[in-house]
Amino acid sequence: MIIYGSTLSPFVRKVVAICVEKELPFNLEFGALGNHSPGFIAASPLKKMPAIDDNGFMLADSSAIAHYLDAQYPVPQLIPSDPQLRGKTIWFDEFADTVLMVCGGKMFFNRIVAPRFMGREGDEAAADAAECEELPPLLTYLEGLVPGPGGYLVGKSLTLADISVASVFVNFRHAARSTDESRHPRTFAYIDSILERPSFAESVRREQAMLAPAE
Ligand SMILES: N[C@@H](CCC(=O)N[C@@H](CS)C(=O)NCC(=O)O)C(=O)O
């Protein structure tokens, strides 16, 4: 399978994590920002990452891809069959992709994408407002519902909910300047437990190396 995109995007990181959890072989393909390959353009009508090409089957959008992969490669199952667990899983995926991502995107775009990859200054006031005003209530919300050690957001095993939520937190951490993680200890302990999985650890290690200041 080809996955088009960079894991610096939480949506791409999510799809990569799903493939690693399912032990699906893949190649990650990403041209320079704005320099799209014909394969990517064919697979992603809106030119957004991620998109996949699975033996000629092309699909864009991380949630659409997650549903396709879980139906096509059902082991391990990441979207539960039980109606209530399934509903909750989709809810957390949506929460991560919208509410968390809007906040994380302002921090990540203005502090990393704009200066590092677009050669221009980001809007630090917007990033700071996102980190200091938008993020804390979201962390407080999560603090009240995350599981204890070794637990998962939905049911008794890893689901798309954990993958989607943890994926956005990588971007929070790449871009954070003032977040005091000790104020939401349950949330960050839970996030660490998901990010320690090999399905995330390799992506995060590569990204940290990519973003490390030049010597
Ligand atoms: N709903 C989509 C969102 C994809 C998306 O917005 N990707 C961003 C990167 S985080 C992108 O490709 N942006 C480039 C652009 O908009 O040109 C998904 O879940 O895959």
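Reading the values: the criteria
Residues numbered from 1 in each chain as written. Predicted model: local features only at pLDDT ≥ 70, side-chain atom pairs only at ≥ 80, totals over all residues. Heavy atoms only, no water. Near = heavy atom within 4 Å. Polar contact = N/O pair within 3.5 Å; in protein donor to acceptor, adjacent residues only side chain to side chain. Nonpolar A, V, L, I, M, F, W, Y, C, P; charged D, E, K, R; others polar. Core = buried A, V, L, I, M, F, W, Y, C linked by side-chain atoms within 4.5 Å. Buried < 20%, exposed > 50% of the residue type's maximum accessible area, 1.4 Å probe, protein only. Helix = DSSP H or I, 4+ residues; strand = E, 2+ residues; numbered from the N terminus. Domains from an automatic or database assignment. Contact = heavy atoms within 4.5 Å. Axes fitted to C-alpha atoms, helices over the stretch in contact; angles between N-to-C directions. Parallel < 35°, antiparallel > 145°, perpendicular 65-115°, else oblique. Pairing = 2+ DSSP bridges.

1. Remarks on the site of the ligand
Near the ligand the following residues occur: Ser9, Phe11, Lys48, Met49, Pro50, Asp61 and Ser62. In this structure, Lys48 approaches the ligand through a side-chain N or O atom, which is 2.7 Å from an oxygen atom. Of the residues assigned to the shell around the ligand, the class counts are 3 nonpolar, 2 polar and 2 charged.

2. Notes on the nonpolar core
Formed by 53 residues in total, the largest nonpolar core has its most connected members in Leu69, Leu100, Leu153, Val165, Phe169 and Phe172. At the level of elements, helix 1 (10-21), helix 3 (62-72), helix 4 (83-117), helix 5 (124-143), helix 6 (160-175), helix 7 (185-195) and helix 8 (198-211) are the ones that each hand at least two residues to this core. A domain-level breakdown of this core finds at least three residues from each of domain 1 (2-72) and domain 2 (83-211). Setting aside residues no more than four positions away along its own chain, Leu153 makes contact with Phe92, Leu145, Val146, Pro147, Ala161, Asp162, Val165 and Tyr190. Within the second largest apolar cluster, 5 residues are counted, among which are Tyr4, Ala43, Ala51 and Ala60.

3. Notes on unusual backbone geometry
With an omega of 10°, the peptide bond between Met49 and Pro50 qualifies as cis. Here Pro50 lies in the loop between helix 2 (38-43) and strand 3 (51-54). Its identity is not glycine, yet Asp61 carries a phi of approximately 85°, on the positive side. Position of Asp61 relative to the elements: it lies in the loop between strand 4 (57-60) and helix 3.

4. Quick look at the packing of helix 5 against helix 7
Helix 7 packs onto helix 5 with a crossing angle of 80° between their chain directions and a minimal axis gap of 8 Å. Overall, the two elements helix 5 and helix 7 adopt an arrangement that is roughly perpendicular. Across the interface between the two elements, Leu139, Leu142 and Glu143 of helix 5 pack against Pro185, Arg186, Thr187 and Phe188 of helix 7. Residue classes in the contact of helix 5 with helix 7 are distributed as 4 nonpolar, 1 polar and 2 charged.

5. Brief notes about the sheet that holds strand 3
Whether parallel or antiparallel, the strands of a sheet pair through hydrogen bonds between backbone atoms. Strands sit in the order 2-1-3-4 across an open sheet of 4 strands; the sheet is mixed. Both outer strands of the open sheet, strand 2 (27-29) and strand 4, are each paired with one neighbouring strand and no more. If you compare each strand with its neighbour and ignore which way they point, the axes differ by 20° on average. When strand 1 (residues 2-4) meets strand 3, the two strands line up antiparallel, connected through 3 bridges. Of the residues in strand 3, the one forming a bridge with Tyr4 is Ala51. The sheet contacts of helix 1 involve strand 1, strand 2 and strand 3, and relative to strand 1 the element is tilted by about 160°. The strands that helix 3 touches are strand 3 and strand 4; relative to strand 4, the one it contacts most, it runs at about 140°.

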